[in-house]
Amino acid sequence: MAKPAFNHVKKHFACEAPDAQGVTKGSAIVFVGDRKQARITALDFVTYATCGEDPQMFKNASLFGDEKATLARFSEMSTRRCLEQGIGIIHEGLSKMEVALMKKLFKAGAIKLLVVTQGFSWELIGLQSNMVVLMDVERFDGSEGRMVEYPMADVLQMEGLANRALETPDGQHLAPKCLLMCYTPRRDYFVKFLQEPLPVESDLAENLHDALNAEIVVGTIESKQDAVDWMTWTFLYRRLAPNPNYYNLSGRTA
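Sequence order as written defines residue numbering, which begins from 1 separately in each chain. Local features are withheld for residues below a pLDDT of 70 in this predicted model, meaning they are given only at 70 or higher, and side-chain atom pairs are given and counted only at 80 or more; totals for whole chains, interfaces and linings count all residues. Each side-chain value is worked out from all heavy atoms of the structure, with water and hydrogens disregarded.

Section: the overall build of the chain
Selection rule: Strands are runs of DSSP state E lasting at least two residues, helices are runs of H or I lasting at least four, and both sets are numbered from the N terminus onward. Between the two quantities, the radius of gyration covers C-alpha atoms and the globule rule is 2.2 Å times the number of residues to the power 0.38. We call a residue buried when its accessible area falls under 20% of the maximum for its residue type, exposed when it is over 50%, and partly exposed in between, using a 1.4 Å probe and counting protein chains only.
When its secondary structure is counted, the chain shows 10 helices and nine strands. In terms of overall size, the chain is more extended than a compact globule, its C-alpha atoms giving a radius of gyration of 25 Å where 254 residues would be expected to give roughly 18 Å. Reported as C-alpha extents along the three principal axes, the dimensions of the chain are approximately 80 × 50 × 35 Å. A buried classification covers 39% of the 254 residues belonging to the chain.

Topic: unusual backbone geometry
Of note, the phi angle at N248 is positive, near 55 degrees, even though the residue is not glycine. Counting through the fold element by element, N248 comes out in the segment after α10 (235–240).

Digging into the environment of E149
Rule in force here: In this analysis, two residues are considered to be in contact whenever any of their non-hydrogen atoms come within 4.5 Å of each other. As used in this structure description, the phrase polar contact means that two N or O atoms lie within 3.5 Å; if the pair is within protein, one of them must be able to donate a hydrogen and the other to accept it, and residues adjacent in sequence are counted only when both atoms belong to side chains.
With respect to the helices and strands, E149 occurs in strand β6 (residues 146–149). Residue classification places E149 among the partly exposed residues on the basis of a relative accessible area of 28%. Here the alpha-carbon distance between E149 and R73, two residues 76 residues apart in the chain, equals 34 Å. In contact with E149, other than residues within four places in its own chain, are V137, E138, R186, Y189 and F190. In terms of polar contacts, E149 uses its side chain to reach the side chain of R186, at 2.8 Å.

Remarks on the confidence of the model for the chain
Quick reminder of the rule: Confidence per residue, as judged by the predictor, is encoded in pLDDT with a range of 0 to 100.
Chain-level pLDDT for the chain is 85 on average; 94% of the residues reach the 70-or-more range. Helix α9 (residues 224–231) holds the highest mean pLDDT among the elements of the chain, 93, whereas strand β7 (residues 166–167) holds the lowest, 74.

Considering the side chain of K59
Locating K59 in the fold gives a position in the loop between α2 (35–51) and α3 (67–72). For K59, a relative accessible area of 11% translates into the label buried. Residues contacting K59, with those up to four places away along its chain left out, are F64, E67, L83, E84, Q85, G86, A110 and K112.

Quick word on the packing of aromatic side chains
Rule in force here: Pairing of aromatic side chains requires ring centres within 6.5 Å, counting the rings of Phe and Tyr and the six-membered ring of Trp. Pairs whose planes differ by under 30 degrees are stacked, by over 60 edge-to-face, and all others tilted. Only when the NZ atom of a Lys or the CZ atom of an Arg is both within 6 Å of the ring centre and within 35 degrees of the ring normal do we say a charge sits over the ring.
Enumeration according to the criterion identifies six aromatic pairs in this entry. When the ring of F6 is compared with that of F45, the centres are 5.7 Å apart and the planes differ by 80 degrees; the resulting orientation is edge-to-face. With F6 in helix α1 (residues 2–13) and F45 in helix α2, the pair connects residues that are 39 residues apart, well separated along the chain. Like F6, the residue F45 is buried in the burial classification. Between F45 and F58 the ring centres are 6.4 Å apart and the planes differ by 50 degrees, which places this aromatic pair in the tilted class. With a gap of 13 residues between them, F45 in helix α2 and F58 in the loop between α2 and α3 connect regions that are remote in the sequence. Residue F45 shares its accessibility class with F58, and that shared class is buried. An aromatic cluster is built from F6, F45, Y48 and F58, whose rings are joined through pairwise contacts. Lying across the ring of Y48, K3 places its NZ or CZ 4.6 Å from the centre.

And the structure:
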């Protein structure tokens, strides 16, 4: 799936207009399942970029500073090789110092592409990108010995990192994009959760006695009819009819 992801990122970057110094600061984050996949994906992107028309398409050399000194601070050979092409990697095998430096380079615009494992999705708060790619929505769980889906909260967090518009040569702003790659049978499932708002339900039913006692103490409720009237003003009352199964509502009387 690396080749389709690369083509989408390249196409998105091609729409960007350089600034007054001739520098383009378009950026993308690619999420993968584990560190092995992170290395493989990053090296694949290096290969595709090298074989293309612009081998340095993911690198802003003018913003890199002392490149040799920066590369020397990373222990892995594959990480240094990818950084030479402007592609960063963040996975569990890096030290805290290396992760912080990688995020700093990406935030400064020195590197335009960041390949990150799913476990670091909540560690990227504060970063901005024009495009996010989810190479998969599953990872291998060694404790269970099977593939498990990403939690929906993690998927929403990854999607939210596509939060900066891309300026085109004609002065327009191209909305950020999120590319999610998954099996076809799961497509409708993710479209529903990513494009439709999740319903909000009430927990008042679990603590209804406390709420009623509080209202009785302050004098708001003095009779059974007062309690019924008070209930009609609650969010629980509004959600009972639209979602009766959630509240175990078996029937309704006038």
